[in-house]
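If you want the building blocks of each chain, they are given just below.
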Amino acid sequence: MTVPPLHLRIAAGVEIVTLALLLANLLTAHHRTFSALLGPVHGCAYLLVVLGTLRLTVAGTPAKLLALIPGIGGLAAVRHITRRHITAADALTTGG
């Protein structure tokens, strides 16, 4: 079974957490300093997810397209890659 690399899973987690924090800040106090710090972190995490998924040879076209969705795309791509390989491994072990 192949799982996505650790750096891709971390970047996907950072992407969704920073998005949630940015949206919470926007809906509550809207501190500009907080946004100025988290905005670039979120952007870098998004770029790492997209580029990491595009360079990953085991990622199919659906995973690469999912990675392009801002916010939740990283987690969706990681989940798709993981499920795809778990399903393939199950098919090999059961003979189907």
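Up top is the structure.
A quick note: this is a predicted structure, and the numbers were derived from the prediction, not measured.

### Section: the overall build of the chain
Then comes step 1: Each helix and strand counted, the chain has four helices and zero strands in total.
Then comes step 2: Along the chain, helices (α) and strands (β) appear in the sequence α-α-α-α when read from the amino end.
Then comes step 3: Across the 96 residues of the chain, 28% fall into the buried class.
Then comes step 4: Sequence-distant contacts in the chain: of pairs separated by 6 or more residues, those separated by 24 or more amount to 56%.
Then comes step 5: Surface exposure of the chain reaches about 6,100 Å², of which carbon and sulfur atoms provide 72%.

### Section: the nonpolar core
Nonpolar side chains in soluble globular proteins tend to be buried together.
Then comes step 1: Counting residues in hydrophobic clusters, the biggest one holds 11 residues: Leu-8, Ala-11, Ala-12, Val-49, Leu-56, Ala-59, Ala-63, Ala-67, Ala-77, Val-78 and Ile-81.
Then comes step 2: Within the residue set of this core, elements represented by two or more residues are helix H1 (6-27), helix H3 (61-67) and helix H4 (73-94).
Then comes step 3: Discounting chain neighbours no more than four positions away, the residues touching Val-49 are Leu-8, Ala-11, Ala-12, Glu-15, Ala-67 and Gly-74.

### Considerations on the packing of H1 against helix H2 (residues 32-55)
Then comes step 1: Relative to each other, H1 and H2 sit at 150 degrees, their axes nearing to 8 Å. Note that H1 runs across H2; the crossing there is left-handed. Between H1, through Leu-8, Ala-11, Ala-12, Val-14, Glu-15, Thr-18, Leu-19, Leu-21, Leu-22 and Asn-25, and H2, the contact on the second element is made entirely by Phe-34, Ser-35, Leu-38, Gly-39, Val-41, His-42, Ala-45, Tyr-46, Leu-48, Val-49, Gly-52 and Thr-53.

### Quick notes on the environment of Pro-70
Then comes step 1: Here Pro-70 is to be found in the loop between H3 and H4.
Then comes step 2: Its relative accessible area of 58% is what places Pro-70 among the exposed residues.
Then comes step 3: Spatially, the C-alpha atoms of Pro-70 and Ile-16 are 9.0 Å apart, while their sequence positions differ by 54 residues.
Then comes step 4: Filtering out sequence-adjacent residues up to four positions away, Pro-70 remains in contact with Glu-15 and Tyr-46.

### What to know about a nonpolar patch on the surface
Then comes step 1: A cluster of nonpolar side chains, contributed by Leu-6, Ile-10, Val-14 and Val-41, occupies part of the molecular surface with about 320 Å² of accessible area.
Then comes step 2: The element that contributes the greatest number of residues to the nonpolar patch is H1, accounting for three residues.
Then comes step 3: Structurally, Val-14 can be placed in helix H1.

### Some points on the environment of Val-58
Then comes step 1: Tracing the backbone shows Val-58 in the loop between H2 and H3.
Then comes step 2: Its relative accessible area of 26% is what places Val-58 among the partly exposed residues.
Then comes step 3: A sequence separation of 55 residues divides Val-58 from Val-3, and the C-alpha atoms of the two residues are 9.3 Å apart.

So, how was this worked out
Residues numbered from 1 in each chain as written. Predicted model: local features only at pLDDT ≥ 70, side-chain atom pairs only at ≥ 80, totals over all residues. Heavy atoms only, no water. Helix = DSSP H or I, 4+ residues; strand = E, 2+ residues; numbered from the N terminus. Buried < 20%, exposed > 50% of the residue type's maximum accessible area, 1.4 Å probe, protein only. Contact = heavy atoms within 4.5 Å. Areas by Shrake-Rupley, 256 points an atom, 1.4 Å probe, with all protein chains shown as cover. Core = buried A, V, L, I, M, F, W, Y, C linked by side-chain atoms within 4.5 Å. Axes fitted to C-alpha atoms, helices over the stretch in contact; angles between N-to-C directions. Left-handed = near helix turned anticlockwise from the far one by under 90°. Patch = residues over 30% accessible without salt bridge, like charges linked within 9 Å, V, L, I, M, F, W, Y side chains within 5 Å. Salt bridge = Lys/Arg side-chain N within 4 Å of Asp/Glu carboxyl O.

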